[in-house]
Amino acid sequence: MSVFKANILDGQVALVTGGGSGIGETIAATLAAHGAHVGICGRKQDRLDQAIERIAQTNNHQGGSLFGIAADVRDPDAIQKAVDATIERFGRLSILINSAAGNFLAPAATLSPNGFGTVVDIDLKGTFNACKAVFPHFRDQNGGNIVNISATLQYLGTQMQIHASSAKAGVDALTRTLAVEWGPANIRVNAVAPGPIDDTAGMAKLAPKGMKDKLTAKIPLKRFGKRQEIADTVLFLVSPASSYTSGAIFVVDGAQWLAMNTYV
Ligand code: COA
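Figured I'd write up the structure that's included with this text. Being a predicted model, the structure only gives us computed values, none of them experimental.

### Digging into the packing of helix α1 (residues 22-33) against helix α2 (residues 45-58)
Stage number 1. Running from N to C, α1 and α2 point in directions that differ by 50°, and their axes come no closer than 10 Å. In terms of axis orientation, α1 runs oblique to α2. Considering only the axes of α1 and α2, their crossing is right-handed. Residues E25, A28 and A29 of α1 touch α2, and the partners they reach there are A51, R54 and I55.
Stage number 2. Grouping the amino acids of the contact of α1 with α2 by side-chain chemistry returns 4 nonpolar, no polar and 2 charged.

### Notes on the side chain of D172
Stage number 1. Here D172 shows up in helix α5 (residues 162-182).
Stage number 2. With residues near it in sequence (within four places) discarded, D172 still touches S150, Q154, Y155 and I249.

### Digging into the site of the ligand
Stage number 1. By nearness alone, 15 residues border the ligand, and R43, R74, S112, N114 and K205 come closest of all.
Stage number 2. A distance of 2.6 Å is found between an oxygen atom of the ligand and a side-chain nitrogen or oxygen belonging to R43.
Stage number 3. N114 places a polar side-chain atom, nitrogen or oxygen, 2.8 Å from an oxygen atom of the ligand.
Stage number 4. Compared with its free state, where it exposes 930 Å², the ligand has 54% of that area covered by protein.
Stage number 5. Elements with a contribution of two residues or more to the shell around the ligand: α4 (113-140) and α6 (201-206).
Stage number 6. With 4 residues, the top contributor of residues to the shell around the ligand is α4.
Stage number 7. Here the residues of the shell around the ligand are counted per class, giving 5 nonpolar, 7 polar and 3 charged.

Reading the values: rules and limits
- Residues numbered from 1 in each chain as written.
- Predicted model: local features only at pLDDT ≥ 70, side-chain atom pairs only at ≥ 80, totals over all residues.
- Heavy atoms only, no water.
- Axes fitted to C-alpha atoms, helices over the stretch in contact; angles between N-to-C directions.
- Helix = DSSP H or I, 4+ residues; strand = E, 2+ residues; numbered from the N terminus.
- Parallel < 35°, antiparallel > 145°, perpendicular 65-115°, else oblique.
- Left-handed = near helix turned anticlockwise from the far one by under 90°.
- Contact = heavy atoms within 4.5 Å.
- Nonpolar A, V, L, I, M, F, W, Y, C, P; charged D, E, K, R; others polar.
- Near = heavy atom within 4 Å.
- Polar contact = N/O pair within 3.5 Å; in protein donor to acceptor, adjacent residues only side chain to side chain.
- Areas by Shrake-Rupley, 256 points an atom, 1.4 Å probe, with all protein chains shown as cover.

In structure tokens, the structure reads:
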């Protein structure tokens, strides 16, 4: 049962990149459950269709409808087509969630230039591509809302994560710059920085079996977060409850990164 009004996003239309799995899927489900029509992007159409089927089975609110558009955020033309298709289908677009990301563990010494570039291409350049694709529409309708999914890796010298840390540091910079440049067009741009979240491809790769207890012990709230807790923060950021918030990066990590230097 959501703490938000069920119809808080009635009349809104969202596009969620990386909406076919993990945190992106839960964000898409949450926006739809609160009234928005939602387009979800991912590389494979069948995975998008399966996500929509899962969401249809679990959403208990009538809500908005969902549709899947195969597009790789690394391809500016493909992402523009996804934006145009969403506008064509639902008549407008008012929310963009940049949730597409790729990651793996690799030490800098052996990571290839293409491995580094691939993650930067997905996380950072993909976010830029999608923001650029929605901008003319948001500007012309005098408003829009962008939320970028960032991370906390880049606040520290996180080992085996030079590619993702560099990309997410860029996502934070992009969030702040666009908030300033596009604020006069009534476009809000914010980010959410999740800590360790259960049931995600990211944590399956980054905290394989056996590491979870060790990691949990160091989190002040003594547990991993839930995908729904990230989606609820996104919902807050696209709702009128945050109407004066722009350029903010919301850390949702149970205070994990602040406690990294705790030795007791
Ligand atoms: N360790 C080191 N290098 C790796 C790697 C790993 N585990 N996985 C991929 N790479 C390198 C590849 O070797 C390649 O570099 P090369 O050409 O120099 O050999 C480069 O990254 C691109 O790999 P490729 O498999 O062609 O990329 P892709 O576009 O198919 O996949 C990934 C992108 C690698 C990020 C893939 O893991 C992915 O798409 N993940 C999405 C889901 C995900 O990770 N979610 C978690 C988000 S936190």
